[in-house]
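The chain contents come next:
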Amino acid sequence: QKEVEQNSGPLSVPEGAIASLNCTYSDRGSQSFFWYRQYSGKSPELIMSIYSNGDKEDGRFTAQLNKASQYVSLLIRDSQPSDSATYLCAVNTGFQKLVFGTGTRLLVSP
Amino acid sequence: AAGVIQSPRHLIKEKRETATLKCYPISRHDTVYWYQQGPGQDPQFLISFYEKMQSDKGSIPDRFSAQQFSDYHSELNMSSLELGDSALYFCASSLGTGFEAFFGQGTRLTVV
């Protein structure tokens, strides 16, 4: 079992819709959770961080964390074609180890 | 503010050669991570440093070594290069443990 798991997708949504991306992790002691966006051939770009249970909103993005279920999600409201990218869930599983999921490819069609 | 700087951006080496990748973290960041990303793959954790000491190790081959210097920059040394080492190598830095990590632009290594 991978430490961090995501559906690889692609997840296809029409422009203006809500995109919902999910991630589960195996290390119950994990404390820090991040969502990165990566365009092909580019470096991962941090878009959200979340450290405590509940929701965290930043513009069109909402991260949700449920430590009891070991589940992290990212909602993207009013999806735009420019949001089409791979979204990587990352979990800090220990002292200084940031582990990535395989990423979910999001396609937003005009 | 300047972000994480990696050099070189592109590198072409022959099999069995040696390569050195450099990473300059964001000012005051004390933690550096190195990742390898093959085509269509997620970033694979190689190694991390905190306050100039190695803090965690992932799937880093024995042919690779790394260190963090007194000015917090880090270097990844890769010897006896193999074709399978061709990948994007990313460095990320953060301020402290478990906090937001920011990535450099990466070094694309091609082994021929």
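None of these values were measured; they are calculated from a predicted model. (Residues numbered from 1 in each chain as written. Chains lettered and ligands numbered in written order. Predicted model: local features only at pLDDT ≥ 70, side-chain atom pairs only at ≥ 80, totals over all residues. Heavy atoms only, no water.)

K.L.:
Help me out: how do you make sense of the state of the cysteines in this one?
P.N.:
A covalent bond between the sulfur atoms of two cysteines is what we call a disulfide. Following the criterion strictly, the structure yields two disulfides over all chains and no others. There is a disulfide in this structure between Cys23 of chain A and Cys89 of chain A, and the S-S distance comes to 2.1 Å. Between Cys23 of chain A and Cys89 of chain A the disulfide shows an S-S torsion of about -70°. By sign, it is left-handed. In this pair, Cys23 of chain A sits in strand S3 (residues 19-25) while Cys89 of chain A sits in strand S9 (residues 85-92), placing the two residues 66 residues apart along the sequence. Residue Cys23 of chain A is classed as buried on the basis of its relative accessible area of 1%. Accessibility expressed as a relative area gives 0% for Cys89 of chain A, which makes it buried. Linked covalently through their sulfurs, Cys23 of chain B and Cys91 of chain B form a disulfide whose S-S length is 1.7 Å. Disulfide Cys23 of chain B-Cys91 of chain B: torsion about the S-S bond near -45°, hence left-handed. Here Cys91 of chain B lies in strand S9 (residues 87-94) and Cys23 of chain B lies in strand S3 (residues 19-24), a separation of 68 residues in the sequence. Side by side, Cys23 of chain B and Cys91 of chain B carry an identical accessibility label, which is buried. (Disulfide = S-S within 2.5 Å. Helix = DSSP H or I, 4+ residues; strand = E, 2+ residues; numbered from the N terminus. Buried < 20%, exposed > 50% of the residue type's maximum accessible area, 1.4 Å probe, protein only.)

K.L.:
Whenever I open this one, the sheet that holds strand S8 (residues 71-76) of chain A confuses me. Can you help?
P.N.:
Note on sheets: strands pair through backbone hydrogen bonds, and any given pair is parallel or antiparallel. Residues and elements named next belong to chain A. With antiparallel pairing, the five strands of this open sheet are ordered in space as S1-S3-S8-S7-S6. At either end of the open sheet lies a strand with only one pairing partner, and these are strand S1 (4-5) and strand S6 (54-58). The pairing of S3 with S8 spans six bridges and is antiparallel. Bridged to Thr24 within S8 is Tyr71. (Pairing = 2+ DSSP bridges.)

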